[in-house]
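As a plain string of letters, each chain reads:
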Amino acid sequence: MGSPDFIVNLRKKIGHEPLWLPGVRGVVFDDDGRVLLGERSDTGGWALITGILEPGEEPGPGLVREIFEETAVVARIEHLLGVASVGPVTFPNGDVCDFLNVEFICRHVSGTARVNDDESLAVGWFAIDELPPLRPGHLACIQRALAFAGEPHFER
């Protein structure tokens with residue numbers, strides 16, 4: 001899959017210069033309390049399921065789309081977890097992005113987790129006490145989801 005066409009077209013004009021992009025990130029739980037993670041093909045690291053919204057796309061449906069596209073899991077949004085600025089992120093190809101991430105707590109509805117596109121090397125469900133190494137922002141997002149008491153997180 002890679003970058004959406006609108007980003008590919010922008011990159012032709014601006015090269016690797018920083019882009020400000022709308023992103024989504026989901027903490028997807030199954031009925032056993034495990035978290036859905038993907039091993040990213042671009043960095044090789046394990047991560048929550050994330051994505052870039054298409055122009056005009058709503059964050060909730062965009063995340064549900066990303067979860068299915070990447071993992072074959074059908075999920076539903078349960079709560080808005082927070083909104084966060086993430087970055088700058090420099091990708092292996094040199095592209096630089098900052099993301100305005102809308103984060104959600106999600107619940108598994110159906111589907112068996114598997115690699116469903118070229119963005120992941122592996123996907124799977126992980127118990128909270130058996131998480132693989134994660135970037136600090138992804139681990140913090142999981143911790144916020146576990147402690148969620150109804151109020152979305154954002155910098156004040």
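Hey, could you run me through helix H3 (residues 136-146) in this one?
Three or four residues apart is the spacing at which side chains of an α-helix point the same way, because the helix has 3.6 residues per turn. Within the span of H3, buried status applies to His138, Cys141, Ile142 and Ala145. Down the axis of H3, the sector holding all buried residues measures 100 degrees, keeping them to one side. Of the surrounding secondary structure, the elements contacted by the buried residues of H3 are strand E1 (19-29), strand E2 (35-40), strand E3 (46-47), strand E4 (49-52), strand E5 (74-90) and strand E6 (96-110).

What exactly am I supposed to notice about the pattern of salt bridges here?
Side chains that carry opposite charge are capable of pairing whenever their charged atoms lie near each other. Taken as a whole and assessed by the stated rule, the structure comprises 11 salt bridges. A salt bridge links Glu66 to Arg65; the nearest nitrogen and oxygen atoms lie 3.2 Å apart. We classify Glu66 as buried; its relative accessible area is 6%. The network of salt bridges with common partners includes Glu57, Arg65, Glu66 and Glu69.

Can you walk me through unusual backbone geometry in this structure?
Excluding glycine, residues mostly have negative phi values, and the peptide bonds linking residues are mostly trans. Of the consecutive residues Gly87 and Pro88, the connecting peptide bond is found in the cis state with omega at 5 degrees. As for its position among the elements, Pro88 is in strand E5.

How should I be thinking about the packing of aromatic side chains in this particular structure?
For any pair of aromatic rings, the description rests on two quantities: the centre-to-centre distance and the angle between the ring planes. Throughout the structure, instances matching the rule amount to two aromatic pairs. Consider the rings of Trp46 and Phe126, whose centres lie 5.0 Å apart with planes at 70 degrees: the pair is edge-to-face. Residue Trp46 is located in strand E3, and its partner Phe126 is located in strand E7 (residues 120-126); the two are separated by 80 residues in the primary sequence. Per residue, the accessibility class of Trp46 equals that of Phe126, and both read buried. Ring geometry for Phe91 versus Phe99: centroids 6.4 Å apart, planes at 85 degrees, classification edge-to-face. On the basis of relative accessibility, which here comes to 10%, the residue Phe99 falls in the buried class. Its guanidinium or amino end placed over the ring of Phe154, Arg156 lies 4.0 Å from that ring's centre, counting from NZ or CZ.

Would you explain a nonpolar patch on the surface in this entry?
Nonpolar side chains collect at one region of the surface, where Trp20, Leu80, Val83, Leu100 and Phe154 lie side by side and expose about 450 Å² of accessible area between them. Mapped onto the secondary structure, Trp20 falls in strand E1. Residue classification places Trp20 among the exposed residues on the basis of a relative accessible area of 54%.

Where do I start with the side chain of Asp95 in this structure?
With respect to the helices and strands, Asp95 occurs in the loop between E5 and E6. We classify Asp95 as buried; its relative accessible area is 12%. Engagement of the side chain of Asp95 in a polar contact is seen with the side chain of Arg11, the distance being 3.5 Å. The contact partners of Asp95, leaving out residues within four places of it in the chain, are Arg11, Gly15, His16, Val89 and Thr90.

How do you make sense of the nonpolar core when you look at a structure like this?
Counting 15 residues, the largest nonpolar core has Val28, Leu36, Ile67 and Cys106 as the members making the most contacts within it. At three residues, E6 tops the list of elements feeding residues into this core. If sequence neighbours within four positions are ignored, Val28 has contacts with Arg34, Val35, Leu36, Ile67, Ala75, Cys106, Arg107, His108 and Trp125. Formed by 13 residues, the second largest nonpolar core is a distinct cluster that contains Val27, Val35, Leu48 and Phe126.

Rules used throughout
Residues numbered from 1 in each chain as written. Predicted model: local features only at pLDDT ≥ 70, side-chain atom pairs only at ≥ 80, totals over all residues. Heavy atoms only, no water. Buried < 20%, exposed > 50% of the residue type's maximum accessible area, 1.4 Å probe, protein only. Helix = DSSP H or I, 4+ residues; strand = E, 2+ residues; numbered from the N terminus. Arc of directions from axis to C-beta. Contact = heavy atoms within 4.5 Å. Salt bridge = Lys/Arg side-chain N within 4 Å of Asp/Glu carboxyl O. Phe/Tyr/Trp six-rings, centres within 6.5 Å; stacked < 30°, edge-to-face > 60°. Lys NZ or Arg CZ within 6 Å of the ring centre and 35° of its normal. Patch = residues over 30% accessible without salt bridge, like charges linked within 9 Å, V, L, I, M, F, W, Y side chains within 5 Å. Areas by Shrake-Rupley, 256 points an atom, 1.4 Å probe, with all protein chains shown as cover. Polar contact = N/O pair within 3.5 Å; in protein donor to acceptor, adjacent residues only side chain to side chain. Core = buried A, V, L, I, M, F, W, Y, C linked by side-chain atoms within 4.5 Å.

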